Amino acid sequence: MASSYAKTYAGWKADPEGFWSDAAGAIDWFKTPTRTFDGEDGVYGRWFPDGETNTCFNCIDRHVAAGRGEQAALIYDSPVTGQKRSYTYREVLTQVEAVAAVLLGLGVDRGDRVIIYMPMVPEAVFAMLSCARIGAVHSVVFGGFAANELATRIDDCRAKVIISASCGIEPGRIVAYKPLLDAAIELAGHKPAHCLVLQRPELSAAMNDGRDIDFADAVAGALSEGVPVPCVSVGATDPLYILYTSGTTGQPKGVLRDNGGHMVALAWSMQHFYGVRPGEVFWAASDIGWVVGHSYIVYGPLLNGSTSVLYEGKPVGTPDAGAYWRVIQEHRVRVLFTAPTAFRAIRKEDSSGSLIAGYDLSSLRALFLAGERADPDTLQWAEKVLHVPVIDHWWQTETGWPMAGNPLGLGLLPVKHGSPTVPLPGYEIHVLDDAGHAVEAGALGNIAVKLPLPPGCLPSFWNADERFRSACLAEFPGYYKTADAGFLDEDGYLFIMSRTDDIINVAGHRLSTGAMEEVCASHPDVAECAVIGIADAVKGQVPAGFLVLNSGVSRESSMIEKEVVALVRDRIGPVAAFKLAICVKRLPKTRSGKILRGTMQKIADGQEWKMPATIDDPAILDEITSVLTERHLPV
Ligand code: COA
Ligand code: AMP
């Protein structure tokens, strides 16, 4: 099929409001918006400002009313517990109404915040949708974060209720959530009124009298009462959720998502970008704690009337590198979306893809990759073993849906390996130099999106308009700064090369090295430190910390290194994958005192590097090189 991309993109550019007003027709509105965009409202304008709707209604109720009630909405597949269960749209509706009734019973009102700190279980999805149903604002916190990170989020959003579980299950270990939850509430200044705790058979959690409520008991009670809970009418611009993501400091940014624009954008992307039809099975192998999980495990597929797979497992080790192929075969998955790291992990275990031969993958139409740079080598391997289009696409928590990609739904464009292809309608992408001037095709620069951002993108940070302005809009007036660097080639293909801030991407997880430095520096024996991301064959990048100890410290440096590793795991969480701390005598700096992190990274990765002209003391780089060689880095 010839691609209709050029026509669609040009159509959007000629009349953005007309484009999004048409797209809004895919959504059921309680009050149809009379205006598509108000440039005077909010930080840079708001979409569908006078529309009213409900996200849960659009995801569930309307499909049941339209005859989709007996179709599977959610397939829970959990190799780590051995459980599999399919829920029809009607069953999801029943469960969601019950959880909504429980929340209402706990006094959760429209606009109140509810934190969801849960593993990949169906109850987590019901919890998200039930918040949407009653107009409460959910904030899902990824299970791999430590108590301290959870506490920061509790304080920032002032959660009234927290919904959690007794445990998560990682291969070879049970992660007890409840002690982390208790510790977080202890640390937080703001105390939630109640915690709803799902007791899982793998581990029972101790409950705090008066505060904690058994999730299953409460839901069973609501189900037996069977009181219907209608979907409240919320403003299109009212918040649906807050999702915290790493910023350049230890303080995470609360990315805000609205109801109306979010639905319009996701519904458009499901059909026109991912090319998925209602009734088809879509599988985003991610976690609901990340934006991919929000947009493409929960809201996107359900808005589209598709079936979504909720997979509680890994690409390898649960039980082997054929796990993804089994899920595709068993559930007739049409489109798979995951991070390149998952394919690197599979390839490492099964380099020829031999396990694929044991499965029927005929249902699979395409593989989409995002979350980190898709290295051409991994991408080509996936193409070779799967025999379907493998589509790199680029976006971030802030945007909520892809900014650039090869639009399967509009007909694919020719592939250039290493490029996520072209900007999608809604996004006018420019590459700017540091002074904000457009650079020539092929030249590297800051990737920026011309304002206004399209529907679905963040209107601001939660309760922090000024921080949003200064972090994202101030540097290039009239543009949103993505903090990614790259270039557009002569054909208009985009290439994403690196970040312009301190964010690193570890196994598709976005982490701040600045936040890790704050933790390292809090060790009493550490005088100063630098954390950089170094190349890793499976995870893309892993953090490495370089520590300078206080003078007079006589303890073994290996002990201190171990303590710092434990401290980062304890304060940020296992997801940081911070396993390498190295004591050095000094850090390389410029004469003005700036740590030369970029040069250290090049040395650690075994890349060619040049002695920076501004270096204070060149001998320090020799010291760093010899310390790394002692540790067999680069390997
Ligand atoms: N709850 C608690 N702990 C978690 C967790 C969760 N939800 N998710 C990960 N962790 C822990 C892991 O157990 C691991 O702990 P360990 O140090 O004790 O081994 C640590 O956090 C790092 O996890 P991870 O980065 O997932 O590494 P891994 O070595 O366990 O697995 C991959 C590597 C590539 C298999 C894995 O990252 C993966 O499946 N990635 C798929 C892509 C993906 O989901 N990307 C998200 C964005 S799209
Ligand atoms: P997150 O907000 O966790 O989704 O992380 C977003 C960041 O991941 C982006 O700003 C990029 O740095 C990186 N990223 C996501 N997708 C891609 C991609 N396809 N290619 C290169 N980098 C990507």
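The structure displayed is predicted, hence computed values, not measured ones.

Cut-offs used in this document
Residues numbered from 1 in each chain as written. Chains lettered and ligands numbered in written order. Predicted model: local features only at pLDDT ≥ 70, side-chain atom pairs only at ≥ 80, totals over all residues. Heavy atoms only, no water. Domains from an automatic or database assignment. Contact = heavy atoms within 4.5 Å. Buried area = accessible area lost by both parts, 1.4 Å probe. Salt bridge = Lys/Arg side-chain N within 4 Å of Asp/Glu carboxyl O. Polar contact = N/O pair within 3.5 Å; in protein donor to acceptor, adjacent residues only side chain to side chain. Nonpolar A, V, L, I, M, F, W, Y, C, P; charged D, E, K, R; others polar. Patch = residues over 30% accessible without salt bridge, like charges linked within 9 Å, V, L, I, M, F, W, Y side chains within 5 Å. Areas by Shrake-Rupley, 256 points an atom, 1.4 Å probe, with all protein chains shown as cover. Lys, Arg positive; Asp, Glu negative; His and termini not counted. Charge placed at Lys NZ, Arg CZ, Asp CG, Glu CD. Helix = DSSP H or I, 4+ residues; strand = E, 2+ residues; numbered from the N terminus. Buried < 20%, exposed > 50% of the residue type's maximum accessible area, 1.4 Å probe, protein only. Pairing = 2+ DSSP bridges. Axes fitted to C-alpha atoms, helices over the stretch in contact; angles between N-to-C directions. Expected span 1.5 Å × (residues − 1). Arc of directions from axis to C-beta. 1 Å grid on protein atoms, 1.4 Å probe; cavity = no way out; pocket = protein on both sides within 12 Å on 5 of 7 lines; lining within 4 Å. Points joined across faces, edges and corners; volume = space filled by probe spheres on them. Phe/Tyr/Trp six-rings, centres within 6.5 Å; stacked < 30°, edge-to-face > 60°.

Okay, the domain arrangement of the protein chain next. As assigned here, the protein chain comprises domain 1 (5–313 + 395–486) and domain 2 (510–630). For domain 1 and domain 2, the distance between their C-alpha centres works out to 34 Å. The partner domain 2 presents 12 residues to the 18 residues of domain 1 that form the contact. The junction of domain 1 with domain 2 conceals about 1,100 Å² of combined surface from both sides, 48% of it contributed by carbon and sulfur atoms. Counting every contact that joins domain 1 to domain 2 gives 1 salt bridge. Across the contact surface, domain 1 and domain 2 share 5 residue pairs in polar contact (both at pLDDT 80 or more). The class makeup of the residues in the side of domain 1 that touches domain 2 is 4 nonpolar, 10 polar and 4 charged.

This brings us to a positive patch on the surface. There is a patch of like positive charges on the surface, built from Arg173, Lys539, Arg569 and Lys579. As for its position among the elements, arginine 173 is in strand 10 (residues 173–176). For arginine 173, a relative accessible area of 35% corresponds to the partly exposed category.

Attention shifts here to the pattern of salt bridges. Counting across every chain of the model gives 40 salt bridges. The salt bridge involving arginine 344 is made with glutamate 372; its shortest N-O contact spans 2.9 Å. With arginine 344 in helix 12 (residues 340–349) and glutamate 372 in the loop between strand 19 (366–369) and helix 13 (376–386), this residue pair connects regions lying 28 residues apart in the sequence. The pair arginine 344 / glutamate 372 is uniform in exposure class, with both members buried. A network of salt bridges, in which partner residues are shared, links Asp77, Lys84, Arg326 and Glu330.

A few words now on the sheet that holds strand 4 (residues 72–78). Across the sheet, 7 strands lie side by side as 5-4-17-16-18-19-20; this open sheet has mixed pairing. Looking at strand neighbours, the two that pair on one side only are strand 5 (83–88) and strand 20 (390–392), the edges of this open sheet. The mean angle between the axes of side-by-side strands here comes to 20 degrees, regardless of whether they run parallel or antiparallel. Pairing geometry for strand 4 and strand 17 (residues 307–311), over 4 bridges, is parallel. Within the sheet, the bridge partner assigned to aspartate 77 lies in strand 17 and is tyrosine 311. Sitting on the sheet, helix 5 (residues 122–134) is in contact with strand 4, strand 5 and strand 17, with an inclination near 145 degrees to strand 4. In this fold helix 13 packs onto strand 19 and strand 20, with an angle of close to 155 degrees to the strand it touches most, strand 20.

Taking 1.5 Å per residue, 12 residues should reach 16 Å; helix 18 (residues 619–630) reaches 17 Å between its end C-alpha atoms and fits that length. Restricting attention to buried positions, one finds in helix 18 the residues Ile620, Leu621, Ile624, Val627 and Leu628. Projected down its long axis, helix 18 carries its buried residues within an arc of 120 degrees, all on one side. Turned more than 90 degrees off the buried face of helix 18, the exposed positions are Thr629 and Glu630. Positive phi appears at histidine 632, one or two residues downstream of helix 18, with a value of about 60 degrees.

Neither face of strand 28 (residues 509–512) is open: one carries His509 and Leu511, the other Arg510 and Ser512, and all of them are buried. Note: strand 27 (residues 503–506) against strand 28, 4 bridges, orientation antiparallel. Looking at strand 28, one finds that isoleucine 504 is bridged to leucine 511.

A separate point is empty space enclosed by the protein. Enumeration according to the criterion identifies 3 cavities of 30 Å³ or more in this entry. As for the largest cavity, its lining consists of 15 residues, and the residues nearest its centre are Glu149, Ser246, Gly250, Ser512 and Ala515. Counting only elements with at least two residues in the lining of the largest cavity, the list comes to helix 6 (147–157), strand 28 and helix 15 (513–521). Looking at the lining of the largest cavity residue by residue, the class counts come to 6 nonpolar, 7 polar and 2 charged. Built from parts of two domains, the lining of the largest cavity gets at least three residues from each of domain 1 (5–313 + 395–486) and domain 2 (510–630).

Turning to the packing of aromatic side chains, a few remarks are in order. In this description, an aromatic ring pair is defined by two values, namely the gap between the centres and the angle between the planes. One pass over the full model with this rule turns up 36 aromatic pairs. Relative to tyrosine 296, the ring of phenylalanine 282 has its centre 6.2 Å away and its plane inclined at 55 degrees; by these criteria the two rings are tilted. Of this pair, phenylalanine 282 sits in strand 16 (residues 281–284) while tyrosine 296 sits in helix 10 (residues 291–303); the two residues are 14 residues apart in sequence, bridging distant segments of the chain. For phenylalanine 282, a relative accessible area of 0% gives the class buried.

Turning our attention to the environment of isoleucine 346. Along the chain, the position of isoleucine 346 falls in helix 12. For the pair isoleucine 346 and glycine 210, spaced 136 residues apart in sequence, the C-alpha separation works out to 46 Å. Here isoleucine 346 is in contact with Pro315, Val316, Ala321, Tyr324, Trp325 and Trp381, once residues within four sequence places are set aside.

What follows concerns the sheet that holds strand 23 (residues 429–432). The strand order across the open sheet built from 4 strands is 23-24-25-26, with neighbouring strands paired in antiparallel fashion. Single-partner strands in this sheet number two, and they are strand 23 and strand 26 (494–499). Each neighbouring strand pair of the sheet contributes to a mean axis angle of 50 degrees, computed without reference to strand direction.

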